[in-house]
Structure formats: structure tokens, C-alpha cells
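Notes for the structure review
What follows is the residue order along each chain.
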Amino acid sequence: MKKIELFEVHGFKDLTFSNYLAHESEFMKVINFNFKAGQKLPVHSHDLEGELTLTILEGEGEFLGADGATIPARPGDVLVSQIAEPHGVRAITDMRVLVHIAPPI
């Protein structure tokens, strides 16, 4: 087992979102993204099979999808998506997001 204290080891950047690879194995990847208010991970997709989750740990924002789709994102919200489906996130307040990708890319 491995414990990672994300709030202790990973902070925010002023100019762009920051990311921290918390775990990677042949089965999954776990990444922590931190966004200052107004920062975003643009809508994108990957031409691969698999799934991902985006979990809001702190702050508020929006999950982003194809054709300008938005879904409110608050602490405790989890978005589940195919990796090939367009996805992204935008922060309204400072926001911490935990992403799980399986299989890892």
C-alpha cells in the first residue's frame, strides 16, 4: 500500500494549471490537477479504449464536453467518461481534481 498526502505534496501555479503524477502502473494512472480560478484543461480526447474519472476534491468549476457542453462540478462530484469521449474541466474557484485513467495512457 502507498499513501500520498496530495494537499501536502502538490500545490497551485499562477500561470497554468499544475499536475502531479500520484501513481502509475500497468493497470491505471492517477493524476492530481490543481487549477487556480479561471484556469482550464481544454476539451480533448484520446483515440484509445478505456475509461477515466475526474473527481472534484476541492473548489468549484465545470466539467467540459463536446459542442460546448458544461456540467457543474463541486466537491465530491465524479465524472465518468470513455477516454475517447471529449472531456475537460474549467475552474471557477481554485480547484483540485483527481483523475484516474484505466488502462493508463
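Before any of the text, the structure's been laid out above.
Residues numbered from 1 in each chain as written. Predicted model: local features only at pLDDT ≥ 70, side-chain atom pairs only at ≥ 80, totals over all residues. Heavy atoms only, no water.

Some thoughts on the layout of surface pockets
- Estimates place the volume of the largest pocket at around 170 Å³.
- Considering the residues around the largest pocket, the lining is formed by K29, I31, F33, L41, H44, H46, L52, L54, H87, V99, I101 and I105.
- When residues of the lining of the largest pocket are traced back to their parent elements, those giving at least two are β2 (29-35), β3 (40-44), β4 (51-58) and β9 (95-102).
- By residue class, the composition of the lining of the largest pocket is eight nonpolar, three polar and one charged. (1 Å grid on protein atoms, 1.4 Å probe; cavity = no way out; pocket = protein on both sides within 12 Å on 5 of 7 lines; lining within 4 Å. Points joined across faces, edges and corners; volume = space filled by probe spheres on them. Helix = DSSP H or I, 4+ residues; strand = E, 2+ residues; numbered from the N terminus. Nonpolar A, V, L, I, M, F, W, Y, C, P; charged D, E, K, R; others polar.)

A word on the environment of L79
- By secondary structure assignment, the location of L79 is in strand β7 (residues 78-82).
- Residue class for L79 comes out buried when judged on its relative accessible area of 17%.
- In the structure, L79 is positioned 24 residues away from P103 in sequence and 17 Å away in space, judged by C-alpha atoms.
- When residues no more than four places from it in sequence are discounted, the contact partners of L79 are L52, T53, L54, F63 and I71. (Buried < 20%, exposed > 50% of the residue type's maximum accessible area, 1.4 Å probe, protein only. Contact = heavy atoms within 4.5 Å.)

Considerations on the side chain of H10
- By the secondary structure assignment, H10 is in the loop between α1 (6-9) and β1 (18-24).
- Assessed through its relative accessible area of 8%, H10 is described here as buried.
- Within the local environment of H10, its side chain forms a polar contact with the side chain of S18, the two groups lying 3.1 Å apart.
- Polar side-chain contacts of H10 include one of 3.1 Å to the side chain of N34.
- Excluding residues that lie within four positions of it along the chain, H10 makes contacts with S18, N19, Y20, N32, N34 and R96. (Polar contact = N/O pair within 3.5 Å; in protein donor to acceptor, adjacent residues only side chain to side chain.)

So, the pattern of salt bridges
- Evaluation of the coordinates by the stated rule reveals five salt bridges.
- Residues K3 and E5 are paired through a salt bridge, measuring 3.1 Å at the closest nitrogen-oxygen approach.
- Overall, K3 belongs to the exposed group, its relative accessible area being 71%.
- Looking at E5, the relative accessible area reads 43%, which means it is partly exposed.
- Note that E24 is salt-bridged to K29, the shortest N-O span being 3.6 Å.
- Residue classification places E24 among the partly exposed residues on the basis of a relative accessible area of 45%. (Salt bridge = Lys/Arg side-chain N within 4 Å of Asp/Glu carboxyl O.)

Side note on the sheet that holds β2
- The antiparallel open sheet is built from five strands, whose spatial order is β1-β2-β9-β4-β7. The open sheet has two free edges, formed respectively by β1 and β7, since each of these has just one partner strand. In this sheet, neighbouring strand axes are inclined to one another by 20° on average, regardless of whether the strands run parallel or antiparallel.
- Strand direction decides the pairing type here: β4 and β9, joined by seven bridges, are antiparallel. Looking at the pairing, T55 lines up with L98 of β9. (Pairing = 2+ DSSP bridges. Axes fitted to C-alpha atoms, helices over the stretch in contact; angles between N-to-C directions.)

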